[in-house]
Amino acid sequence: MIKHIGKSTFRVFVLIILSFCYSAEGYQNFKVAVYVRAQEVQKMSEPNWLEENWDIISQQVKVDKVYLEPHRDELLVDEETVTKAKKFFESKGIEVAGGITYTIMESNRFETFCYSRPEHRQKVKEIAEHTARLFDEVILDDFFFTNCKCETCIKAKGKKSWTEYRLNLLKDAAKNLVIKPAKKVNPKVKMVIKYPNWYEHFQGLGYNLEAEPKLFDGIYTGTETRDPVYSHQHLQHYQSYLIFRYLENIKPGGNGGGWVDTGGMRYIDRYAEQLWLTLFAKAPEIMLFDWRQMLRPIRESTRAEWQGTQTSFDFDEMLKPIELADGTTVEPTTMARAAGYALEQVDQVLDKLGKPVGVMSYKPYHSTGEDFLHNYLGMCGIAMELVPEFPADANTIFLAESAKFDKKITDKIKKQLIAGKRVVITSGLLKALQGKGIEDIVELEYTDKKAVFKDFMLGWRGGIHQSKTDIIIPQIKYLTNDSWEEISCLTSGVGYPILHSADYANSKLYVLTIPDNFGDLYNYPAEVLTKIKEVLMKDIYVRVDGPSQVAIFVYDNDTFIVESFLPEIVDVKIVTDKRISKLRDVLSGEELAGKSPPEPPRWARRWRRQENDKLIFDIQIKPHSYRVFKCE
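Residues numbered from 1 in each chain as written. Predicted model: local features only at pLDDT ≥ 70, side-chain atom pairs only at ≥ 80, totals over all residues. Heavy atoms only, no water.

Engineer: Looking at this structure, how should I read the packing of aromatic side chains?
Structural biologist: Two numbers describe a pair of aromatic rings. These are the distance of the centres and the angle of the planes. The tally for this structure, following the rule as stated, stands at 40 aromatic pairs. A centroid spacing of 6.0 Å and a plane angle of 45 degrees characterise the contact between Tyr 102 and Phe 144, whose relative ring orientation is tilted. Of the two residues, Tyr 102 is situated in the loop between β4 (95–100) and β5 (103–105) and Phe 144 in the loop between β7 (137–140) and α6 (151–157); the sequence distance between them amounts to 42 residues. Aromatic side chains Tyr 199 and Phe 372 sit 5.2 Å apart centroid to centroid with 80 degrees between the ring planes, which places their arrangement in the edge-to-face category. Of this pair, Tyr 199 sits in the loop between β8 (190–195) and α8 (212–215) while Phe 372 sits in the loop between β15 (359–362) and α14 (373–379), and the two are 173 residues apart along the sequence. (Phe/Tyr/Trp six-rings, centres within 6.5 Å; stacked < 30°, edge-to-face > 60°. Helix = DSSP H or I, 4+ residues; strand = E, 2+ residues; numbered from the N terminus.)

Written out as structure tokens, the structure reads:
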């Protein structure tokens, strides 16, 4: 029968079989893609170079898909070279898509095209057409923005703000210079936009999270966070999880995956953590950027000081020879193996996890204010779920200063409280809403004065708990007996609210005072963080009590993950609803029994209630490691 099948049909048939065979050997819970920059695509005109380097990568990490980029930095790879590379990967059973990076000179502070100038607009259109002719799926790397302030832009902007001008400019460019031209030359092409990691500031450079996800067929998420300290961005580990969740909530089911690179890495565990967190957020695909970085040698200098203690990423295990399908072995040599080893570890547990849940946190489109704060709270052990629309159905809502961009936010807060639901706002939002109706709920004053302190007090007689360093907060004034300090700071004989509550209608409004340096949240004593979690995570069936930089990821099927980003072993308490009688470690099979919370001291019983509806489990977590539990 085969002799009667046309050549093109037979070729498709063979590719389907190859793809099936390969995927059967791949990871079970996600796809792995490798992005190839235009500079490396151009080198693929040399068959020996391509074959040799593909062997190095594919023997160390299981690859399902590659993205071949015809354009970056005004380098446009010719159609013949791209087509040859595409056929090479298809012959291996690998899915192939295209990519575009709209940069003129990436090394010149990410110099992008000017979308105000006709000649640049024409070039953008031609690149889209060129790429769509070659591929049925095209992703835009995270440079589809503009930072141009040339005279043409200044004149075109007029009296608009740069944010307003650029939002409209890039929306038009997406529609008329990229999507329409691409679909005109290839009606079946799927156009995907990948967003970078600086989501709080997108609107200032034209990324339009309100409009673009509706225009593009799909979106993709930059989940690279690199080093949280020794970098210009200072992105916290937790963001690799939360940014994917936020963009997934913007386009449900349309967020194609998370994108991680090897940059800014002092120790190799940091790279693995970004991959894990992306997949904990339930990304269906992980993008390894890029081909060149996958060939980067593994350096002994990236071995962390805690290695040798059987942590989640085990450097020595990673370096063991890899057994291939034909029974031969290869020695790990490059970062492709670091990716492959990390992905093998997490693939063992992902099918046990349900849908992520967390404290509903509202961040309106195009909003700023207390930027990236949610990630610091996530690092303090508060499970967060970031959404672009006000979540009126939630029993507890957390609102940072960015919520001020919703002109009706005060009325929405009132409605929640009248409905018996809890609202927690930050001191930054309190300041923004002063004189705009928040006084109808509670008369608090965010002053221009500061308090410097180390001592915390819980309730009236909750004992003193001390931070390791001085912390600076804004002073908030309130009317005695009209609202109440749940957590106080003490300094020079006076105190100020850290967590404050006020009754309104059928519920309470809480105000969480945010330190001037968000990183000082990590200096809060564990007892203080526990009190904050009791309020914010009241509706969630599990929480982790312990020091900061131990995060929890919670799912709707009674599974959860606890991950430590600390450099030493840490003891923490898992607090669950009493319906949960035991915990089972998904990886080890170990079962843990819970115990009832201790009864408060007699002197504290008037204000501090025992959590009779909870059970406590004591667990230990190794440095930079995670544990996965099933509640039973």
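There's more to say after this.
Engineer: Help me out: how do you make sense of the pairing of β15 in this one?
Structural biologist: It is a general feature of regular strands that their side chains alternate between the two faces of the sheet. The pairing of β15 with strand β16 (residues 384–387) spans four bridges and is classified as parallel. Following the sheet pairing, Ser 361 is matched in β16 by Leu 386. Sheet topology note: the β15/strand β17 (residues 396–399) ladder contains two bridges and is parallel. Note that in β17 the partner of Ser 361 across the bridge is Phe 398. (Pairing = 2+ DSSP bridges.)

Engineer: Can you walk me through the sheet that holds strand β27 (residues 570–577) in this structure?
Structural biologist: Consider a sheet: its strands pair through backbone hydrogen bonds, and that pairing is either parallel or antiparallel. On the basis of which strands lie adjacent, the open sheet formed by three strands has the order β24-β27-β30 and antiparallel pairing. Two strands bound the open sheet, and with one partner strand each, they are β24 (542–545) and β30 (614–621). Pairwise comparison of adjacent strand axes, ignoring direction, gives a mean angle of 25 degrees for this sheet. Where β24 lies against β27, four bridges are found, and the strand directions are antiparallel. Residue pairing in the sheet places Val 542 in a bridge with Thr 576 of β27. (Axes fitted to C-alpha atoms, helices over the stretch in contact; angles between N-to-C directions.)

Engineer: How should I be thinking about the sheet that holds strand β22 (residues 494–504) in this particular structure?
Structural biologist: An order of β16-β15-β17-β18-β23-β22-β21-β19-β20 is seen for the nine strands of this open sheet, with the pairing classed as mixed. Each edge of the open sheet is held by one strand with a lone partner, namely β16 and β20 (464–478). The sheet shows a mean angle of 30 degrees between the axes of neighbouring strands, taken without regard to direction. Taken together, the six bridges between β22 and strand β23 (residues 507–512) define a ladder with antiparallel strand orientation. Residue pairing for β23: Tyr 504 is matched across the bridge by Ser 507.

Engineer: Just checking my understanding: could you explain a positive patch on the surface for this structure?
Structural biologist: On the surface, Lys 171, Lys 175, Lys 180 and Lys 214 cluster together into a positively charged patch. The element that contributes the greatest number of residues to the positive patch is helix α7 (residues 162–185), accounting for three residues. Overall, Lys 171 belongs to the partly exposed group, its relative accessible area being 39%. (Patch = residues over 30% accessible without salt bridge, like charges linked within 9 Å, V, L, I, M, F, W, Y side chains within 5 Å. Areas by Shrake-Rupley, 256 points an atom, 1.4 Å probe, with all protein chains shown as cover. Salt bridge = Lys/Arg side-chain N within 4 Å of Asp/Glu carboxyl O. Lys, Arg positive; Asp, Glu negative; His and termini not counted. Charge placed at Lys NZ, Arg CZ, Asp CG, Glu CD. Buried < 20%, exposed > 50% of the residue type's maximum accessible area, 1.4 Å probe, protein only.)

Engineer: Can you help me understand the nonpolar core in this one?
Structural biologist: General note: in soluble globular proteins, nonpolar side chains tend to be found buried as a group. Ranked by size, the top nonpolar core spans 172 residues in total, and within it Phe 89, Tyr 102, Phe 144 and Phe 280 carry the most contacts. Considering each element in turn, this core owes the most residues, 10 residues, to α7. Residue contacts for Phe 144: discarding those within four places in its chain leaves Tyr 102, Tyr 115, Leu 170, Ala 173, Ala 174, Val 178, Ile 193, Tyr 207, Glu 212 and Phe 216. Core analysis: the next-biggest nonpolar cluster, separate from the first, contains 24 residues, Phe 390, Leu 399, Val 423 and Leu 433 among them. (Core = buried A, V, L, I, M, F, W, Y, C linked by side-chain atoms within 4.5 Å. Contact = heavy atoms within 4.5 Å.)

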